[in-house]
Amino acid sequence: MTKSHASEQHSIEASGRARGRERSLRRGLTLDAAFREFLRHPSPWLIGGTLSVAVAGRILVGDWQSTDLLVPAVMLAVFPVFEWIVHVTVLHWRPRRLGPIPIDSELARKHRAHHVDPRNIPLIFIPTRTLSVLVVVLLALAAFAFPRLGLGLTFLVTITVLGLGYEWTHYLIHTDYKPKGALYRAVWRNHRHHHYKNEHYWFTVTTSGTADRVFGTHPDPATTETSPTARNLHAG
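Residues numbered from 1 in each chain as written. Predicted model: local features only at pLDDT ≥ 70, side-chain atom pairs only at ≥ 80, totals over all residues. Heavy atoms only, no water.

Caption draft 1: Summary view of the overall build of the protein chain. Along the protein chain, the regular secondary structure elements total 9 helices and 2 strands. Considering the protein chain as a whole, with its 236 residues, one finds that 41% of them fall into the buried category. Across the protein chain, every contact between residues at least 6 apart in sequence was considered, and the portion connecting residues at least 24 apart equals 62%. For the protein chain, the computed accessible surface area is about 13,200 Å², with 66% contributed by carbon and sulfur atoms. (Helix = DSSP H or I, 4+ residues; strand = E, 2+ residues; numbered from the N terminus. Buried < 20%, exposed > 50% of the residue type's maximum accessible area, 1.4 Å probe, protein only. Contact = heavy atoms within 4.5 Å. Areas by Shrake-Rupley, 256 points an atom, 1.4 Å probe, with all protein chains shown as cover.)

See below:
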């Protein structure tokens, strides 16, 4: 067997194993099995590693003050709005050109592919290259954008906890794990409506009926028209 044939055979076998693993995830998926698959992808490790460094740094720095409670509280309060704005303006960005230069981020491209195939597990996660840049930006913000390092590290701990929660929730919604509790069922239904009913509504992922109600994108699904472009953004 030639080297090229061996490489091709290896690729085919790897693809077959991936498809087999994904099929197994679609049959009676348990939370444990979903979590094991979650850990096979880069973004949970990148976010989790950053969180570990942030927690360790926060403990070592000390200097605890009342604002270390205020910053997480404010971030939790505004996160649904932040999530909505990013989804609408960044993920649903319509590709443009500035002369010969295309203006289209990796996040937007991957998100369009995610809408085409919402069950494709790798497309569920934040792209590794983009996430790596975001981590560097967050580290810089934590180090230089706050009046004291301890407060910056509190911010970093909070944002990575929120990011890890977002990745897990978004991933789980797109598996066949069946909702058990009322809270998760509401979040699951909200995001499923966005993908399978109408992509112009239901933009929050980790919360349901929060920022979408504020911005008028939480209609009654029973009276909302099913969009022909939910699986093909900007095709209309």
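Caption draft 2: Structural detail: the packing of aromatic side chains. Tallying each qualifying case throughout the model produces 13 aromatic pairs. Between Phe38 and Phe125, the ring centres sit 5.8 Å apart and the planes meet at 40°, which makes this aromatic pair tilted. Taken as a pair, Phe38 in helix 2 (residues 31–38) and Phe125 in the loop between helix 5 (106–116) and helix 6 (128–144) lie far apart in primary sequence, 87 residues in all. Comparing Phe38 with Phe125 shows no difference in burial state: the two are buried. With a centroid separation of 6.2 Å and an interplanar angle of 35°, the aromatic rings of Phe79 and Phe82 are classed as tilted. Linking Phe79 with Phe82, this pair stays in helix 4 (residues 67–91), spanning 3 residues, or about one helical turn. Relative accessible area serves as the criterion here: at 11%, Phe79 is assigned to the buried category. A connected cluster of aromatic rings, assembled from ring pairs, spans Phe35, Phe38, Phe125, Trp168 and Tyr171. Its end group placed over the ring of Trp64, Arg58 keeps NZ or CZ at 3.8 Å from the ring centre. A cation over an aromatic ring shows up here: Arg96 above the ring of Trp93, its NZ or CZ 4.2 Å from the ring centre. (Phe/Tyr/Trp six-rings, centres within 6.5 Å; stacked < 30°, edge-to-face > 60°. Lys NZ or Arg CZ within 6 Å of the ring centre and 35° of its normal.)

Caption draft 3: Structural view of the nonpolar core. In this structure, Phe125, Tyr171 and Leu172 are the most contacted members of the largest nonpolar core, which totals 15 residues. Contributing elements (two or more residues each) for this core: helix 2, helix 7 (149–173) and helix 8 (182–196). Among the elements that take part in this core, helix 7 stands out by supplying 4 residues, more than any other. Contact partners of Leu172, with chain neighbours within four places excluded, come to Leu31, Ala34, Tyr177 and Tyr184. If you look at the next biggest cluster of nonpolar residues, it comprises 13 residues, including Phe155, Leu156, Ile159 and Leu162. (Core = buried A, V, L, I, M, F, W, Y, C linked by side-chain atoms within 4.5 Å.)

Caption draft 4: Looking closely at the side chain of His87. On the secondary structure map, His87 appears in helix 4. A polar contact is formed between the side chain of His87 and the side chain of His111, at a distance of 3.3 Å. (Polar contact = N/O pair within 3.5 Å; in protein donor to acceptor, adjacent residues only side chain to side chain.)

Caption draft 5: Broad picture of the pattern of salt bridges. Taken as a whole and assessed by the stated rule, the structure comprises 7 salt bridges. With its nearest N and O atoms 2.9 Å apart, the salt bridge here joins Arg148 to Asp68. Remark: Asp68 occurs in helix 4 and Arg148 occurs in the loop between helix 6 and helix 7; sequence separation between them is 80 residues. The pair formed by Arg148 and Asp68 is uniform in burial state, with each residue classed as buried. (Salt bridge = Lys/Arg side-chain N within 4 Å of Asp/Glu carboxyl O.)

Caption draft 6: The arrangement of unusual backbone geometry in detail. At Trp202, a residue that is not glycine, the phi angle is positive and equals roughly 60°. Unlike most non-glycine residues, His234 shows phi in positive territory, near 70°. Mapped onto the fold, His234 is located in the segment after helix 9 (211–214).

Caption draft 7: Just the side chain of Thr130, in detail. By secondary structure assignment, the location of Thr130 is in helix 6. Among the residues examined, Thr130 registers a relative accessible area of 14% and is labelled buried. Setting aside its immediate chain neighbours within four residues, Thr130 contacts Glu106 and Leu107.

Any functional reading would require information that these geometric values do not contain.
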